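Observations on chain architecture
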Amino acid sequence: MIQLPSAETLRDQILYHLTHTQGRGEEFATTFDWRLAVSYTIRDLIVTPWMSALRSSRDQGAKRVYYLSMEFLIGRILGDAIINLRLDDAMDEALEMLGLDKQEILDDEPDAALGNGGLGRLAACFMESLSSLRCPAFGYGIRYEHGLFRQRFEAGQQVETPEDWLNQPHPWEFVRLDYSFTIGFKGHVEQVDGRAVWHPSESVIARAYDTPVVGWKGEWANTLRLWGAHPTTLFDLHRFNAGDYAAAAEPEALARTISRVLYPDDGTESGKELRLKQEYFLTAAALQDILRRFLAEHDDLRMLPDKVAIQLNDTHPAIAGPELMRILMDDHGMGFAEARDIAKGTMNYTNHTLLPEALERWSTWLMGRVLPRHMQIIQMIDEDHRKTSGRPDHVGIIQHDQVQMGELAFIMAGRVNGVSALHTDLVKSTVFADLHKLHPDRIVNETNGVTPRRWLRMSNPALAGLLDQTIGEGWTGDLDQLKQLESHADDPAFRERLRGAKRANKVWLSDGVLAGLGMKVDPDAIFDVQIKRIHEYKRQLLNILEAIALWRRIHDDPNGDWTPRVKIFGGKAAPGYWLAKTVIHLINDVAAKINTDPVTRDLLQIAYPPNYNVSMAEDLIPAADLSEQISTAGKEASGTGNMKFTMNGALTIGTLDGANVEIRELVGPENFFLFGLTTDEADKARAKPGHARAAIEASDDLKAALHLIAEGRFGRPDPYYALLDRTWNDDPFLVASDFDDYFATQRKVDAAYRDQAGWDRMATLNIARSGFFSSDRTIRGYMNDIWHVQPMGL
Ligand SMILES: *Cc1c(COP(=O)(O)O)cnc(C)c1O
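Within any chain, residue numbers begin from 1 and follow the written order of that chain's sequence. Only residues with pLDDT of 70 or above have their local features reported here, since the model is predicted, and side-chain atom pairs are shown and tallied only from 80 upward, although totals for entire chains, interfaces and linings are computed over all residues. Values reported for side chains reflect all heavy atoms of the structure, with hydrogen atoms and water molecules removed beforehand.

1. A word on the overall build of the chain
As a reminder of what qualifies: Helix and strand definitions follow DSSP, with helices as H or I runs of at least four residues and strands as E runs of at least two, each counted in order from the N terminus. A radius of gyration in this sense is built from C-alpha atoms; the matching globule rule multiplies 2.2 Å by the number of residues raised to 0.38. Exposure is judged per residue with a 1.4 Å probe applied to protein chains only, and the accessible area is read against the type maximum: over 50% gives exposed, under 20% gives buried, and values in between give partly exposed. Throughout, a residue-residue contact means that at least one pair of heavy atoms, one from each residue, lies within 4.5 Å. A 1.4 Å probe and the Shrake-Rupley method give the accessible areas. Residues count as covered only by the protein chains that appear here. Under this rule, positive means Lys or Arg and negative means Asp or Glu; His and the chain ends count for nothing. Note on charges: their place is set at NZ of Lys, CZ of Arg, CG of Asp or CD of Glu.
The helix and strand inventory of the chain stands at 33 helices and 24 strands. In terms of overall size, the chain behaves like a compact globule, its C-alpha atoms giving a radius of gyration of 27 Å where 794 residues would be expected to give roughly 28 Å. When the backbone C-alpha atoms are referred to their principal axes, the chain occupies close to 90 × 70 × 60 Å. Looking at the 794 residues of the chain, the share that counts as buried comes to 61%. Once local pairs closer than 6 in sequence are excluded, the contacts in the chain between residues at least 24 apart make up 77%. Surface accessibility of the chain: about 29,400 Å² in total, with carbon and sulfur atoms responsible for 50%. Side chains of the chain give 86 positive and 113 negative charges; the mean places of these two sets differ by 2 Å.

2. Topic: the packing of aromatic side chains
We count it as follows: Two aromatic rings, drawn from Phe, Tyr or Trp (for Trp, its six-membered ring), form a pair once their centres lie within 6.5 Å of each other, and the interplanar angle then sorts them: stacked below 30 degrees, edge-to-face above 60, tilted otherwise. The criterion for a charge sitting over a ring is simple: Lys NZ or Arg CZ within 6 Å of the ring centre, and within 35 degrees of the ring normal.
Under the defined criterion, the tally for this structure stands at 21 aromatic pairs. Seen from their ring centres, tryptophan 50 and phenylalanine 174 are 5.4 Å apart, and the 45 degrees between their planes marks the pair as tilted. Of this pair, tryptophan 50 sits in helix H2 (residues 31-59) while phenylalanine 174 sits in strand S7 (residues 174-185), and the two are 124 residues apart along the sequence. Tryptophan 50 sits in the buried class, given a relative accessible area of 1%. Where phenylalanine 181 meets tryptophan 227, the ring centres are 5.8 Å apart and the plane angle is 65 degrees; that geometry is what we call edge-to-face. Of the two residues, phenylalanine 181 is situated in strand S7 and tryptophan 227 in strand S11 (residues 221-231); the sequence distance between them amounts to 46 residues. For the residue pair phenylalanine 181 and tryptophan 227, the accessibility class agrees, reading buried in each case. Every member of this aromatic cluster is reached through a ring pair, and the members are Tyr66, Phe138, Tyr140, Phe181 and Trp227. Above the face of the phenylalanine 185 ring, lysine 277 is positioned so that its terminal group lies 5.3 Å from the ring centre. When the ring centre of tryptophan 455 is taken as origin, the NZ or CZ atom of lysine 644, which lies over that ring, is 4.2 Å away.

3. Focus on the pairing of strand S5 (residues 150-154)
Consecutive residues of a regular strand have side chains that alternate between opposite faces of the sheet. For the record, the criterion: Paired strands, as defined in this entry, are two strands with at least two bridges between them according to DSSP.
Bridge count for S5 against strand S6 (residues 157-161) is five bridges, and the pairing is antiparallel. Counted as the bridge partner of glutamine 151 is glutamate 160 from S6. What sits between the antiparallel neighbours S5 and S6 is a turn of two residues, in which alanine 155 has the positive phi angle 50 degrees.

4. A few points about the sheet that holds strand S17 (residues 415-418)
Which entries qualify depends on this criterion: Note on geometry: axes are lines fitted to C-alpha atoms, helical ones only across the stretch in contact, with angles between N-to-C directions running from 0 to 180 degrees.
The nine strands are arranged S7-S10-S11-S4-S1-S12-S13-S17-S18 in an open sheet whose pairing can be described as mixed. This sheet does not close on itself; its edge strands, each paired only once, are S7 and strand S18 (443-445). When strand polarity is set aside, the average angle formed by the axes of neighbouring strands in this sheet is 25 degrees. Sheet analysis places strand S1 (residues 64-68) next to strand S12 (residues 308-313), joined by five bridges and oriented parallel. Within S12, the position partnered with leucine 68 by the bridge is leucine 312. Along the sheet, helix H17 (residues 421-429) contacts S17 and S18; its crossing angle with S18, the most-contacted strand, is approximately 165 degrees.

5. Comments concerning the site of the ligand
Using the following cut-off: What makes a residue near a molecule or strand is one non-hydrogen atom of that residue sitting within 4 Å of it. Between N or O atoms, a polar contact is any pair within 3.5 Å; within protein, one atom must be a potential hydrogen donor and the other a potential acceptor, and residues adjacent in sequence are included only when both atoms are from side chains. Side-chain classes are defined by residue name, with Ala, Val, Leu, Ile, Met, Phe, Trp, Tyr, Cys and Pro counting as nonpolar, Asp, Glu, Lys and Arg as charged, and the others, Gly among them, as polar.
The environment of the ligand is formed by 15 residues, the closest being Lys532, Lys538, Thr640, Gly641 and Lys644. Within the side chain of lysine 532, one N or O atom sits 2.8 Å away from an oxygen atom of the ligand. One of the side-chain nitrogen or oxygen atoms of lysine 538 is found 2.8 Å away from an oxygen atom of the ligand. When isolated, the ligand has an accessible area of 390 Å², and the protein chains bury 96% of it. At the level of secondary structure, the elements contributing two or more residues to the shell around the ligand comprise helix H6 (118-132), helix H24 (614-620) and helix H25 (641-647). Taken together, the residues of the shell around the ligand sort by class into five nonpolar, six polar and four charged.

6. Focus: the side chain of arginine 457
In this fold, arginine 457 is placed in helix H19 (residues 452-458). Apart from residues no more than four positions distant in its own chain, arginine 457 is found in contact with Ile83, Trp216, Pro452, Ala464, Asp468, Glu473, Trp475 and Thr476.

The structure is reproduced here in structure tokens:
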């Protein structure tokens, strides 16, 4: 057991750090100074379990897990660390003694937005669960100077501005000057005495920046090691002395570019040389570090698969396979077959998408220019696989002068996993159907999860408190204990308290985020929330078209028996994704019109707070009644937002897509608002010529909604002609085909919400049956099925 400091001790430590670390007197301290002093106080308490975790892993020669990810969407750290150390009460008291406002201090921390969406947030939840489960692990990523762009709306349109979280000291990281590795690019390959020698023509230094990630109860902490790029030579003194200052700084500028920005693409392939360099930079630095640690503890590289499990989060770090083989062959003199087997025994790959436009491919000439030796090894791997597998001709890594990173990752992996039951089935039957036939045991499923510490205990104190009082605190570390709530679903007193907690969260959101938008909303209306990246397959368009159709119906019958509703949207579009940006514009235009309509104002409102991020999700999800998970069936690999909502007692309106399928099975079909085509039906509908036009002609509501946009009822229509045209004539994501069922199901939601007892009963059962979606369960699955590692004792 960890000895918890008292409130007085915390207060004294905060004052100590304010003076001695931050160098400020109390009377001069700003919120920022206090926040850093509080952060250092908490960090001190994490360092102790962190050091002992590192020490015991080394002393026991433990097998380590290495999670390689181009994205870690961490969010704020302080509040989560306080919760995991179970210091929330003591800290409240300490801050009160100091006369400080806790919320103001927590809100002062910028979000670490080193990711785009679900994939990066999954990596962050995994880091927390790995520590909570005492699994020895490192996360490896890039320390982007600028995380995901900041989003503003101007005249309803998305405007991107740079994000600058590192423009201020970051109190959670430790820079490791001694862990610096040289990373090469380009150049040529020479054969010397039968061995290949790569002579890179460019190089940068990868420097480690470590952030400890503490698990639940503060017993264990793992390391998130982010690499920053630095120049190999600081600057060209020669040129500087000659007065050419710009040229003198060139090496520095070149290197820094690599860890400068996060690519803001989500689900589209960027195909840029810089992106490939970033991917190699992360992977090569991670592998050098992994091998350095391994060789400090062992001397036989053939033991690597027994001591190292590498997980590739999507194909972004898939160059790890060829890189590890290059090191084993070129630096350690191993033969091809042995190097291949060791690499395959060490490496595993998680597939996150079936969308063809999101599958990474690099032209052989770009790969050959940036990584000439790796291109050779990729050709050797491909040829070897062709020979040993007896595969058909159309299967392989290199196709039409393109290196297909998915195929490379698959062939070099011991295990390949999908991220929900449905997705894994589709991985087997679509993208990797041929490879699955050749390697039928390789693909496994590990349904995603989210950490209940951040997504329930921290972000929803009202509900967490009610759960503690009703079933005890054990659920936080063992989410299956939520099952005990089932017996309270029919208890009116419990349901009353659950409703009270939800209402308090809705009032908090209304007085905060929504009031900040100049909106005044009714906290007893349904809070209907769709927050996620803006993407055609996620179908925010379906949602806003439903709003238009509902608005029109209310207008036709203003005194009808309507259920008041506040629709809330949140999400960013990739800067180059023009259609997604048009949808944002449309939502804002429709909101501007509907929110000022005196006839409907009390019944329907639309809110779209800009700059959706982790912190905003933490505010919105606890206040949601209805969770919109309405992607076209077969397109969302898993979703994790859907799980966060379920845990927080929102009911889902959703399609049979991704993990929605498992959510519905677990909470019970009667507690889930299902609509829409299945994956098979969607594939068939899409194949029918004129499917969209036929569906629109058959639907008065949809046709009217589209006409209202075209008529200019929501501002000038010209920005929307292309979107309308696509909806009528192409509609690959089947907005039209699913519209009527969606609209009708929303009316069932209206009716269900008016039955308070019934709704609260359903909400209770959703919470009670959400235990499966803890990322602790997911990580246990990876530990057992993929990594073969055990939790460490203390
Ligand atoms: C959970 C989360 C996501 C993923 O949401 P989906 O609905 O699964 O796409 C994206 N962004 C943020 C900030 C999140 O917290």
